[in-house]
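This is what each chain is made of:
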Amino acid sequence: MKKVKVIFVCTGNICRSPTADGVMRQWVEDAGLSHAIEMDSAGTQDYHIGEPPDRRAQSHAKKRGFDLSFLRARSVQPSDFAEFDWVLAMDNSHLRDLQRQCPPEYQSRVKLFLSFAPAPTQSEVLDPYYGGAAGFEAVLDQVEAGCAALLNHIKTVI
C-alpha cells in the first residue's frame, strides 16, 4: 500500500505548519496509521531553517499533549510537489506562493489546509507570531479542527 503523504506549509515553518505537523503526527500514531500516513512541514521562506518551532507554539501545544520539540524548520523544495499527495497552505498568501512554484502537473495537490474542515468559519489559519497567548490557542483550535477533518478524509481513501 502506498503511503498518503501530506506537507503543511506556512511562512517560516516555526508556528502554524509545525503545529499542524505535530498534531497530525500524534493523531495518526494514536489511530495506528503511521504505516499509511506520513507528514512533514515546511516554510515558503528560509528565515528559520534548522530552528525548532517557536517556543510559544511548543508551550501551547504541549499543554494539549502535542510534542513539537523534535521538529526543525525547512523550506519548501521543488521535489515536495512530486513527493507529497497534498501540499497544504496555512493561508492564502502561502497558497499563492505554492501555486507559483508548483509544476502544472501537480497543481491539484496544492490546497488550503482548512479546506478539509466541514463548513469552516475561516479559510486561513491565523498567524500568531506577533500576538500573544490567545493567538497560539486559536491556531491550535483551527489546527485541531483541520487535522480531524483531514484525518477523516484520508481514512476514506486508504
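Up top you'll find the structure we're talking about.
Residues numbered from 1 in each chain as written. Predicted model: local features only at pLDDT ≥ 70, side-chain atom pairs only at ≥ 80, totals over all residues. Heavy atoms only, no water.

Q: How should the overall build of the protein chain be read in this particular structure?
A: Summing up its helical and strand segments, the protein chain has 5 helices and 4 strands in all. The order of α-helices and β-strands along the protein chain, N terminus first, is β-α-β-α-α-β-α-β-α. Here the C-alpha atoms of the protein chain give a radius of gyration of 14 Å, agreeing with the 15 Å that 2.2 N^0.38 yields for 158 residues. A principal-axis box enclosing the C-alpha atoms of the protein chain has dimensions of 40 × 35 × 30 Å. For the protein chain, buried positions account for 47% of its 158 residues. (Helix = DSSP H or I, 4+ residues; strand = E, 2+ residues; numbered from the N terminus. Rg over C-alpha atoms; globule rule 2.2 N^0.38 Å. Buried < 20%, exposed > 50% of the residue type's maximum accessible area, 1.4 Å probe, protein only.)

Q: Please clarify how the side chain of Thr-19 should be interpreted in this entry.
A: Inspection of the secondary structure assignment puts Thr-19 in helix H1 (residues 16–30). Setting aside anything within four residues of it in sequence, one finds Thr-19 in contact with Ala-57, Leu-68, Val-139, Leu-140 and Val-143. (Contact = heavy atoms within 4.5 Å.)

Q: How should helix H5 (residues 133–157) be read in this particular structure?
A: Owing to its 3.6 residues per turn, the α-helix brings residues three or four apart onto one side. Taking 1.5 Å as the rise per residue, H5 with 25 residues should run 36 Å; its terminal C-alpha atoms sit 36 Å apart, in good agreement. Taken residue by residue, H5 has Phe-136, Val-139, Leu-140, Gln-142, Val-143, Gly-146, Cys-147, Ala-149, Leu-150, Leu-151 and Ile-154 as its buried positions. (Expected span 1.5 Å × (residues − 1).)

Q: Explain the environment of Ala-57 to me, please; I cannot follow it from the model alone.
A: The residue Ala-57 is located in helix H2 (residues 55–63) in this model. Exposure remark for Ala-57: the relative accessible area of 3% places this residue in the buried category. With residues up to four places along the chain from it excluded, the contact list for Ala-57 reads Ile-14, Cys-15, Thr-19, Leu-68 and Phe-136.

Q: I'm lost on the pattern of salt bridges in this one. Help?
A: Two side chains that carry opposite charge are able to pair once their charged atoms sit near each other. If you walk through the whole model with that rule in mind, you get 14 salt bridges. Across the pair Glu-38 and Lys-5 runs a salt bridge whose closest N-O atoms are separated by 3.7 Å. Of this pair, Glu-38 sits in strand S2 (residues 37–43) while Lys-5 is found in strand S1 (residues 4–10), placing the two residues 33 residues apart along the sequence. The partly exposed category is assigned to Glu-38, whose relative accessible area is 29%. Relative accessible area serves as the criterion here: at 15%, Lys-5 is assigned to the buried category. (Salt bridge = Lys/Arg side-chain N within 4 Å of Asp/Glu carboxyl O.)

Q: Can you walk me through the environment of Asp-97 in this structure?
A: Mapped onto the fold, Asp-97 is located in helix H4 (residues 92–101). Spatially, the C-alpha atoms of Asp-97 and Gly-32 are 34 Å apart, while their sequence positions differ by 65 residues. Beyond its immediate sequence surroundings of up to four residues, Asp-97 is in contact with Thr-44 and Gln-45.

Q: Sorry, what's going on with H4 here?
A: For H4, the full list of buried residues reads His-94, Leu-95, Asp-97 and Leu-98. Seen from one end, H4 has its buried residues packed into an arc of 165°, which puts them on one side. Among the structural elements, S1, H1, helix H3 (80–83), strand S3 (86–89) and strand S4 (110–112) are those in contact with the buried residues of H4. (Arc of directions from axis to C-beta.)

Q: Explain the packing of aromatic side chains here, please?
A: Each aromatic ring pair is described using two quantities: the centre-to-centre distance and the angle formed by the ring planes. In total, this model carries 4 aromatic pairs according to the counting rule given. When the centroid spacing of 6.0 Å and the interplanar angle of 65° are considered together, the rings of Trp-27 and Phe-66 count as edge-to-face. One end of the pair, Trp-27, is in helix H1; the other, Phe-66, is in the loop between H2 and H3, and 39 residues separate them in sequence. In this structure Trp-27 comes out as partly exposed when scored by relative accessible area, which is 22%. Taking relative accessible area as the criterion, Phe-66 reaches 4% and is therefore assigned buried. Between Tyr-129 and Tyr-130, the aromatic rings sit 4.8 Å apart at their centres with planes inclined by 85°, giving edge-to-face as the arrangement. Lying over the aromatic face of Phe-84, Lys-5 brings its terminal NZ or CZ to 5.5 Å of the ring centre. In this structure, Arg-56 packs its charged tip against the face of Tyr-129, placed 5.3 Å from the ring centre. (Phe/Tyr/Trp six-rings, centres within 6.5 Å; stacked < 30°, edge-to-face > 60°. Lys NZ or Arg CZ within 6 Å of the ring centre and 35° of its normal.)

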